[in-house]
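# Residue-level structural notes
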Amino acid sequence: MTDPFGEGGLGELESPLYREALAQLDRVAGVMGLDDNIHARLRVPQRATVTTFPFRREGYYEVETVFAYRVQHVLTMGPTKGGIRYAPDVNLGEVAALAMLMTWKTSLMSLPFGGAKGGVRVDPTVLTRPEVQRLTRRYTAEMINVIGPDTDIPAPDMGTNEQVMAWIMDTYSQHVGHAEPGVVTGKPPELGGSVARREATGRGLVSLLPAATTHLGFEVEGSRVVVHGFGNVGQYAALAAHEMGALVVAVSDVTGGIYNSKGLDIPQVQEWVTENGTLSGYPDVDMVSNEELFELECDILIPAAVGGVITRDNADKITARLIAEGANGPTTVDADDILRERNIFVIPDILANAGGVTVSYFEWVQDLQNFFWSEGEIVARLREIMGSAFEEVLNISINEGYDMRTAALVKGIRRVARAKLVRGVYP
Ligand code: NAD
């Protein structure tokens, strides 16, 4: 295989996350015997747009220059799909790595998309609302020729939200001269956004727990669950597990964790967080640190905050029999080896947290057809798609002798490879 980067380097894509994404692809390509030409092609994104633009902050005389990116990893499967991240350390390699992971995730879920990701290098926490609006509209204008309902459909990611998607939709629509809701997903419902999108990732993850626990020989009802992170994914995962009869014994956020061996009243905890902003100060529970949280006695562990939290330092101390990864990349490669040796069953991120992109797919389909589904239909279809993806990954894992993470990647990569082979090389 010829290496387009040359010996060992990653050229303009150099970043720790890209290295990791590539190491993962190379490992799985090896074990599944991936065609060399396809493997080489998948190691680099098909299209990457880097732009800089002027950005004026309120009360500042100086006009700043901001870097922004949109990377489309695979254009073979249909339009590309993936979130836009506003963060101070965003770079081309990181965005390209996240775009690659989106390819595996959308393919694994059999959605008609390739992977993409976008980013603006800015700290959104210090921006005013008008500043975020200006930044978003300029980013959209810069990317006007690479995004669109038939080409590339952004969605929210870290630092962006429903309002940002509404501004993207509006800016794009102003440029093309008519309302075009299908250009983004994760919009407010008034603009063609999907009901149940907000809960989709957490609830989708929990919908896999009955099949996983049955496979492992226990039941969700009465099992002890620990959730790291109490934001969009963590909150709805905790709530859905609680509704299923599990004892959610601990949850945490950036300020620390709360613990009750008899199970927390999750709706009450949610109310507290809505009123107070964080878990801090929640009454009548034991406080635990985020480090201690991973060592608590439990059956199911749901990391649902930041990446890289299950490491070689704590993987030995985890008591859970099942880990369902809500966060993207919560487990380091070293830790993964330890979990495998310890026979801890992992539902990997590209499967466990795929509920979000699946409901985004539904949103896009509804926008294109101008025909909107009921919440019941959305939830039922989400369960069906998640459930069959889980069954297929489990079957690959059992029949071909892979762990669940490798099996999920094999399934995702295999579908893309087949599509590339049948399309052939142009011209
Ligand atoms: P969020 O911002 O809504 O919530 C994040 C939560 O994690 C908050 O409770 C925050 O306090 C907590 N947190 C942040 N840093 C922490 C730390 N160092 N230690 C402990 N807790 C910390 O984000 P989200 O949308 O819930 O996303 C969480 C994870 O799930 C991310 O990895 C994201 O990439 C992934 N994800 C989200 C979606 C989605 O639909 N929202 C879909 C797929 C994957």
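This report concerns the structure included in the present document.

What counts and how
- Residues numbered from 1 in each chain as written.
- Predicted model: local features only at pLDDT ≥ 70, side-chain atom pairs only at ≥ 80, totals over all residues.
- Heavy atoms only, no water.
- Pairing = 2+ DSSP bridges.
- Helix = DSSP H or I, 4+ residues; strand = E, 2+ residues; numbered from the N terminus.
- Salt bridge = Lys/Arg side-chain N within 4 Å of Asp/Glu carboxyl O.
- Buried < 20%, exposed > 50% of the residue type's maximum accessible area, 1.4 Å probe, protein only.
- Axes fitted to C-alpha atoms, helices over the stretch in contact; angles between N-to-C directions.
- Parallel < 35°, antiparallel > 145°, perpendicular 65-115°, else oblique.
- Left-handed = near helix turned anticlockwise from the far one by under 90°.
- Contact = heavy atoms within 4.5 Å.
- Nonpolar A, V, L, I, M, F, W, Y, C, P; charged D, E, K, R; others polar.
- Expected span 1.5 Å × (residues − 1).
- Polar contact = N/O pair within 3.5 Å; in protein donor to acceptor, adjacent residues only side chain to side chain.
- Near = heavy atom within 4 Å.

The pairing of strand β7 (residues 247–253) with strand β8 (residues 256–259) spans four bridges and is antiparallel. Its bridge partner being in β8, V251 is matched across the sheet by I258. From the end of β7 to the start of β8, which pair antiparallel, there are two residues. Of the strand pairs in this sheet, β8 and strand β9 (residues 286–288) are connected by three bridges, and their pairing is antiparallel. Of the residues in β9, the one forming a bridge with Y259 is D286.

This part takes up the pattern of salt bridges. Going through the model one piece at a time under the given rule, you end up with 25 salt bridges. As a salt-bridge pair, E94 and R85 come within 3.1 Å of each other at their nearest N and O atoms. Both residues of the pair, E94 and R85, count as buried. With its nearest N and O atoms 3.1 Å apart, the salt bridge here joins E243 to R203. With E243 in helix α8 (residues 232–243) and R203 in helix α6 (residues 197–207), this residue pair connects regions lying 40 residues apart in the sequence. For E243, a relative accessible area of 52% gives the class exposed. The exposure class of R203 is partly exposed, given its relative accessible area of 31%. A single network of salt bridges, built from pairs that share partners, joins E325, D336, D337, R340, D349, D403 and R405.

It is at 10 Å that the axes of helix α13 (residues 355–369) and helix α14 (residues 375–400) come closest, and there the two elements cross at 130°. Taken together, the axis directions place α13 and α14 in an arrangement best described as oblique. For the pair α13 and α14, the crossing hand works out as right-handed. Contacts between α13 and α14 involve G355, T358, V359, F362 and Q366 on the former and, on the latter, I378, R381, L382, I385 and M386. In terms of residue class, the contact of α13 with α14 is made up of six nonpolar, three polar and one charged.

Bringing the environment of A324 into the picture now. In this fold, A324 is placed in strand β11 (residues 322–324). A C-alpha to C-alpha distance of 9.0 Å links A324 and A304, two positions 20 residues apart in sequence. Once you skip the residues sitting within four places of it in the chain, A324 turns out to touch L205, L209, L301, I302, P303, I347 and A352.

Here helix α15 (residues 404–423) is 20 residues long and its end C-alpha atoms lie 29 Å apart, about the 28 Å a rise of 1.5 Å per residue gives. Across the 20 residues that make up α15, a large majority, 14, are buried. The N-terminus of α15 is capped by D403, whose side-chain oxygen sits 3.1 Å from the backbone nitrogen of R405. Directly beyond the C-terminal end of α15, a positive phi value near 80° is found at G424.

Around the ligand lies a shell of 18 residues, among which T201, F230, N232, V233 and A305 are the nearest. Within the backbone of V233, one N or O atom sits 2.8 Å away from an oxygen atom of the ligand. V254 is positioned such that a nitrogen or oxygen atom in its backbone is 3.0 Å from an oxygen atom of the ligand. Of all the secondary-structure elements, those providing two or more residues to the shell around the ligand are α6 and α8. When its residues are assigned to classes, the shell around the ligand shows seven nonpolar, nine polar and two charged.

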